[in-house]
Amino acid sequence: MKQEKEFGFDTRMVHAGHIPDSQTGSRAVPIYQTSSFVFFDADHAAELFDLKQYGHIYSRISNPTVSVFEERMASLEGATGAVATTTGMSAQLTVFMTLLEPGDEVVSSAHLYGGTLVQFTHTLKRMGVSVTFVDPTDIGAWERAITPRTKALYGELIGNPRGSIMDLEKIGVLAAQHCIPLIIDNTMATPYLCRPMGFGASIVVYSATKFIGGHGNSLGGVVLDSGKFDYSRFPAIAEPSPKYHNLRFYDTFGHYGFLMKLRVETVRDTGCCLSPMNAFLLIQGLETLSLRMERHVENALKIATFLEEHPKVAWVAYAGLPSHPQHDLANKYMPKGPGAVFSFGLKDKAGEDVRLSGKRFIENLKLFSHLANIGDVRSLVIHPASTTHQQLTDEELKACGVGPELIRLSIGIENVEDLLWDLEQAFHAL
């Protein structure tokens, strides 16, 4: 009896979601740079618009190039499906716009990217949704923050920029006990280092702009669903939709109901669709994901070890180091290494503002690029308190672990000896 072959991660990151084009034989994924698609006939058009048949109508909803990217991400993540969006910020926002209603609450890790903190604090508030922030390492804090109105738990597996590690399994159990989804931003780990759905996450989001694309040339986001969560108690998914003749998405599409609702209502209505060109570039990035992540992680550990031993460094927050408080958790969830983004703090020199020292350090780097991104093949550096997190109050900065001395590094794939030289000469300039 012939058995279905289960292909490995590297094979799927190159092939999943695509076969050579039957008309031209194109081996690479074609860029379908079109706004819309011709219908076979009037009945075909009617069935597409009524969601009775799968197919492409308009690239704001779906596109063949984007579909390949979505299917490949779903395969690598072990998800039931995926929907791509313009950016990582739009990915997480479309999740909440699809899932929640005014009056609902979210419990979130406080260790988040600054833009996410602002979105949760202000944008969700305008939607009538409140967010309670907790220390991601305190399981008791998560449990105490849950109320009857809580409809989601949210966090970054690797907190940006402080580098804390969430205990996915314990928080996943807590979410299951309360019948609410655990939503995880897995941007910094990628599905190569960790697949959170195997530890209890219901929904995973990515800023594909980062390590998925890997080259700093395109924006994108992805929402993935495990297909295992019961959305029957979520009115937005389970109750009749007036936009589709009172169609019940969960009853009609089952395990794909949430993603279908997100695609044909939220993404369609907000217009936050991924462009075919960016999808093509992200697919190119995916094809070398495992190779890049291995070098990223290898370099990151060597540089974190160097910094931990440097006399001008006060602390290093990289979970790959045995000294990190969540080192064992990192080994559990990411045995190949906890990514390549971490932070360190400069020692407070008597009589000198540590912010000024940080500025001088960054300005003296030669190979590290000073910019607001992570996950590039090139090594990057930034001072969060004056850039990515500058909108936050001093209290909010303290809560998310961002001090004036903190410098964030995103380690690239260059020769590590050259990166170590660059850091040392910048320290010497201080």
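Residues numbered from 1 in each chain as written. Predicted model: local features only at pLDDT ≥ 70, side-chain atom pairs only at ≥ 80, totals over all residues. Heavy atoms only, no water.

Visitor: Can you tell me about the environment of Thr 116, naming the residues and giving the values?
Guide: Its location among the elements puts Thr 116 in helix H5 (residues 114-126). Spatially, the C-alpha atoms of Thr 116 and Met 89 are 7.1 Å apart, while their sequence positions differ by 27 residues. Not counting chain neighbours up to four residues away, the residues in contact with Thr 116 comprise Met 89, Gln 92, Tyr 154 and Glu 156. Within polar-contact distance, the side chain of Thr 116 engages the side chain of Gln 92 at 3.1 Å. (Helix = DSSP H or I, 4+ residues; strand = E, 2+ residues; numbered from the N terminus. Contact = heavy atoms within 4.5 Å. Polar contact = N/O pair within 3.5 Å; in protein donor to acceptor, adjacent residues only side chain to side chain.)

Visitor: Give a detailed account of unusual backbone geometry, specifying residues and quantitative values.
Guide: Following Asn 160, the chain continues into Pro 161 via a peptide bond in cis, with omega recorded as 10 degrees. On the secondary structure map, Pro 161 appears in the loop between strand S4 (150-156) and helix H7 (168-177). Phi at Thr 190 is positive, roughly 65 degrees, even though this residue is not glycine. As for its position among the elements, Thr 190 is in helix H8 (residues 190-193). A positive phi angle, close to 55 degrees, is found at His 245, a residue other than glycine. The topology assignment puts His 245 in the loop between helix H9 (235-238) and helix H10 (249-253). Taking the relative accessible area as the measure of exposure, His 245 reaches 69% and is therefore exposed. (Buried < 20%, exposed > 50% of the residue type's maximum accessible area, 1.4 Å probe, protein only.)

Visitor: Describe H5, naming the residues involved and giving the relevant values.
Guide: A rise of 1.5 Å per residue sets the reference length of H5, with its 13 residues, at 18 Å; its end C-alpha atoms lie 18 Å apart and thus fit the reference within 8%. The largest bend along H5 reaches roughly 35 degrees and is located at Phe 120. Within the span of H5, buried status applies to Gly 114, Gly 115, Thr 116, Leu 117, Gln 119, Phe 120 and Leu 124. Gly 128 sits one or two positions beyond H5 and adopts a positive phi of about 85 degrees. (Expected span 1.5 Å × (residues − 1). Bend = angle between axes of the 7 residues up to and from the residue.)

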